[in-house]
Every structure is written in C-alpha cells, then in structure tokens.
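Residue-level listing of the chains:
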Amino acid sequence: MTTRRKYLLIGGLWGLVLLALIPLAWSRWGVPSMQESLAEAIGPGDYQLTTTSGAPFTEKTLKGAPSAVFFGFTHCPEVCPTTLGDIAAFQDELGPEAQIRVFFVTVDPERDQLEQLRDYVSWAPGVEGVSGSTEEIDKAIRAFRIYARKVPLENGDYTMDHSANILLFDRNGRFFELVGYQEETDRVVKKIERLNAL
C-alpha cells in the first residue's frame with residue numbers, strides 16, 4: 001500500500017467516525033436547543049381575547065397553572081367534537097384533583113360568538129371557549145403557530161381547515177408538548193402527569 005493510499009484510507013476512516021458522531025452531537029446539543037426555542041416561541045403574543053366565563057385570554061392567562069389549548073370551531077363536523085370527547089376522557093382519567101385548564105379557541109370568530117362557544121364546550125370538564133375579533137384571533141393563530149384556513153363550499157357556505165393538535169403549557173406559560181389527534185388516553189394522561197409534576 002502506498003503512503004498516499006494509506007493516508008486516504010486513514011482520512012476516510014476518520015470521516016466515517018465524524019459522521020457517526022453527528023447524530024450524537026445533535027441529540028446532545030441541537031435537539032434541546034430547538035426544544036428550548038419552541039418553548040419560547042409558541043404562545044407569546046399580543047392577542048386580546050375573551051373566555052366564555054368573561055375573563056380575558058392573553059399570554060398571561062397561560063401562567064399560574066398547567067393548561068391545554070386547542071383551536072377549532074363549533075361547525076366542525078368531526079375533529080373538534082372528537083377532540084372534546086378525548087379531552088373529557090383524559091380529564092375523567094386524571095380525576096378532579098389533577099385536571100388541567102383547557103381553552104378551546106375558535107378559528108371561526110364570524111360564527112363563533114361566546115354564547116355559541118359556551119353551549120358547545122359546556123359538557124367537557126375544565127374547557128372554556130375563547131373568541132374575539134377576527135383580527136385578534138388571527139394574532140392568536142400566529143402566536144400559537146397553528147394552521148387555519150377558510151374553505152368555501154359549493155352551496156356558498158364555508159368550513160374551516162385547521163390544526164388538530166392540543167398544545168400543553170406548563171404553569172409558567174411555556175409550551176411543554178403536543179397531544180396528537182386521537183392520541184391514546186393513557187399516553188395523554190402520562191404527559192399531563194409529567195406536566196403537573198413540573
């Protein structure tokens with residue numbers, strides 16, 4: 001083996017070692033940094049909304065106790081009623097002492113006034129509806145980094161396409177974790193137990 005080939009082989013082996021270390025370095029420094037920036041980015045904003053109990057819903061509302069935030073609308077055919085059912089199930093599983101506050105923020109302020117929202121969420125434990133002007137709802141949609149879009153229907157009516165995740169926040173108002181659409185109740189309960197323990 002020539003000296004040149006020997007150095008090329010050694011260089012190649014070191015390159016492979018460095019490539020193998022990239023995932024380790026990313027998990028050690030990159031992922032925590034990204035999670036930290038997500039925790040800071042999701043939720044803060046200058047939105048000024050109102051809950052169905054008449055209280056203001058702002059960035060400060062998320063502070064003081066663990067919370068869950070879900071964006072939906074009362075004319076939703078499937079995702080929203082299903083999610084409210086899932087919320088009722090995990091709140092029941094948690095029991096009265098461990099339940100968390102849940103805020104159902106409308107993505108359809110044109111049709112979802114506080115009265116409609118109050119009726120819509122009243123059967124799910126711990127859930128308050130949240131509404132406001134279109135401008136303030138748009139601010140909240142941006143602040144929580146969710147997707148929402150009006151979709152015209154053939155009859156001249158419309159529906160809303162929107163994110164289906166529940167966002168969990170710790171008692172300091174920092175984003176904690178997502179709950180996926182129809183995620184298993186046991187998994188959600190464990191997430192909330194971890195959240196409550198912070």
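On a predicted model such as this, the values are computed, not experimentally measured, just so you know. (Residues numbered from 1 in each chain as written. Predicted model: local features only at pLDDT ≥ 70, side-chain atom pairs only at ≥ 80, totals over all residues. Heavy atoms only, no water.)

We now examine the sheet that holds strand β4 (residues 101-106). Hydrogen bonds along the backbone pair up the strands of a sheet, which may run parallel or antiparallel. What the seven strands build is an open sheet, ordered β2-β1-β5-β4-β3-β8-β9; its pairing is mixed. Of all the strands in the sheet, the pair left with one neighbour each is β2 (56-57) and β9 (175-179). Sheet analysis places strand β1 (residues 49-51) next to β2, joined by two bridges and oriented antiparallel. Bridge pairing in β2 links threonine 50 to proline 56. Lying over the sheet, helix α4 (residues 134-143) contacts β1, β3 (67-72), β4 and β5 (127-131), oriented at roughly 90 degrees with respect to β1. Running over the sheet, helix α5 (residues 185-197) touches β3, β8 (166-169) and β9 and is turned about 175 degrees from β9. (Pairing = 2+ DSSP bridges. Helix = DSSP H or I, 4+ residues; strand = E, 2+ residues; numbered from the N terminus. Contact = heavy atoms within 4.5 Å. Axes fitted to C-alpha atoms, helices over the stretch in contact; angles between N-to-C directions.)

A few words on the side chain of lysine 191. Tracing the backbone shows lysine 191 in helix α5. Assessed through its relative accessible area of 8%, lysine 191 is described here as buried. Leave out the neighbours within four places in its chain, and lysine 191 touches Leu168, Phe176, Glu177, Leu178, Val179 and Glu183. (Buried < 20%, exposed > 50% of the residue type's maximum accessible area, 1.4 Å probe, protein only.)

Tallied over the entire structure, the rule returns nine aromatic pairs. Clustering of aromatic rings is evident, with ring pairs tying together Tyr47, Phe57, Phe71, Phe103, Phe144, Phe169 and Phe175. Taking NZ or CZ as reference, arginine 111 lies 3.9 Å from the ring centre of tyrosine 158, over its face. Its end group placed over the ring of tyrosine 158, lysine 150 keeps NZ or CZ at 4.3 Å from the ring centre. (Phe/Tyr/Trp six-rings, centres within 6.5 Å; stacked < 30°, edge-to-face > 60°. Lys NZ or Arg CZ within 6 Å of the ring centre and 35° of its normal.)

Note that all results are geometric; they support no functional claim without further evidence.
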